[in-house]
Amino acid sequence: MKKVFYYLILASAIIACNTADKKSEVKVLTEEDKKKAESDSSSYTTIAWLDSTVIKLGNIKKGEVVEVAFRFKNTGDKQLVITNVIAGCGCTVPEKPEQPYAPGEEGVIKAKFDSKNQHAGLQSKYVTVDANTKPNAKHQLNFTVEITE
């Protein structure tokens, strides 16, 4: 009887682990999925930027690399698909989320700014985000930084 009880507990643990693993899988969209979301107006959703779309990073020393993050939330009723994230210059490298965001889900657009080859003074940079959103599919995210010698 004890053996049967132990086998039941072991089987329950294995089933629970398999269920948890399936929930944590992140779906990565193919280029075809992204193009469909971008062109099919019935799949458009809305986005809310949770922080300002203009961020002041303050002062940094020339040569430093800083990261900026723009938080967002899918406020619509369809999946939010970030199709492209482009920096305004080579000194900024953005990260593009590959997975879709369910309605109500939050995410972050991150970018790293390298001040190594920039001149001292106030710098204004931007990142453009393309998504399956209405009324606009393009979103410009801006940041400023003061570079000191």
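Analysis parameters
Residues numbered from 1 in each chain as written. Predicted model: local features only at pLDDT ≥ 70, side-chain atom pairs only at ≥ 80, totals over all residues. Heavy atoms only, no water. Helix = DSSP H or I, 4+ residues; strand = E, 2+ residues; numbered from the N terminus. Buried < 20%, exposed > 50% of the residue type's maximum accessible area, 1.4 Å probe, protein only. Contact = heavy atoms within 4.5 Å. Areas by Shrake-Rupley, 256 points an atom, 1.4 Å probe, with all protein chains shown as cover. Salt bridge = Lys/Arg side-chain N within 4 Å of Asp/Glu carboxyl O. Pairing = 2+ DSSP bridges. Axes fitted to C-alpha atoms, helices over the stretch in contact; angles between N-to-C directions. Core = buried A, V, L, I, M, F, W, Y, C linked by side-chain atoms within 4.5 Å. pLDDT = per-residue confidence, 0-100.

With that out of the way, let us pick up the overall build of the protein chain. Each helix and strand in the protein chain was counted, giving 2 helices and 8 strands. Ordering the α and β elements of the protein chain from the N terminus gives α-α-β-β-β-β-β-β-β-β. For the protein chain, with 149 residues in total, the buried portion stands at 32%. Within the protein chain, contacts between residues at least 6 apart in sequence are counted, and of these 67% link residues at least 24 apart. When the accessible surface of the protein chain is summed, it comes to about 9500 Å², and 54% of that surface belongs to carbon and sulfur atoms.

A few words on the pattern of salt bridges. Following the criterion strictly, the structure yields 4 salt bridges and no others. A salt bridge links D51 to R71; the nearest nitrogen and oxygen atoms lie 2.9 Å apart. Of the two residues, D51 sits in the loop between β1 (47–49) and β2 (54–61) while R71 sits in strand β3 (residues 65–74), which places them 20 residues apart along the sequence. Exposure remark for D51: the relative accessible area of 32% places this residue in the partly exposed category. Its relative accessible area of 36% is what places R71 among the partly exposed residues. Notably, a salt bridge pairs E98 with K96, separated by 3.1 Å at the nearest N-O pair.

Quick look at the side chain of T128 now. Note that T128 resides in strand β7 (residues 121–131). Apart from residues no more than four positions distant in its own chain, T128 is found in contact with N84, V85, I86, K138 and H139.

One open sheet holds the 4 strands; their spatial order is β2-β8-β7-β4, and the pairing between them is mixed. Each edge of the open sheet carries a strand with a single partner, namely β2 and β4 (82–87). Strand-to-strand twist in this sheet, taken as the mean axis angle between neighbours without regard to direction, amounts to 20 degrees. For β4 and β7, the ladder comprises 5 bridges, and the chain directions are antiparallel. Within the sheet, the bridge partner assigned to A87 lies in β7 and is V127.

Before going further, it helps to spend a moment on the pairing of β3. Because side chains alternate across β3, one face comprises the buried residues V66, V68, F70, F72 and N74, and the other comprises V65, E67, A69, R71 and K73, none of which is buried. Note that β1 and β3 share 3 bridges and pair antiparallel. Across the sheet, residue A48 finds its bridge partner in β3, namely K73. Pairing of β3 with strand β6 (residues 106–114), which is carried by 9 bridges, proceeds in the antiparallel orientation. Bridging from a neighbouring strand, R71 pairs with V108 of β6.

Once that is clear, we can look at the nonpolar core. Nonpolar side chains in soluble globular proteins generally cluster together in the buried interior. W49, F72, I82, I109 and F113 are the most contacted members of the largest nonpolar core, which has 23 residues in total. Counting only elements with at least two residues in this core, the list comes to β1, β2, β3, β4, β6, β7 and β8 (138–148). Not counting the four nearest positions on each side in its chain, W49 is found in contact with F70, R71, F72, I109, V129, H139 and L141.

This paragraph deals with the confidence of the model for the protein chain. Of all residues in the protein chain, 73% have pLDDT values of 70 or greater, and the mean over the chain is 84. Contacts of residues 4–24 to residues separated by more than four positions or lying in other chains number 0 contacts, the stretch itself having pLDDT below 50.

For the rest of this paragraph, the subject is the sheet that holds β1. Reading across from one edge, β1-β3-β6-β5 is the order of the 4 strands in this open sheet, with antiparallel pairing throughout. The open sheet has two free edges, formed respectively by β1 and β5 (92–95), since each of these has just one partner strand. Across the sheet, the mean angle from the axis of one strand to that of its neighbour is 25 degrees, orientation sign disregarded.

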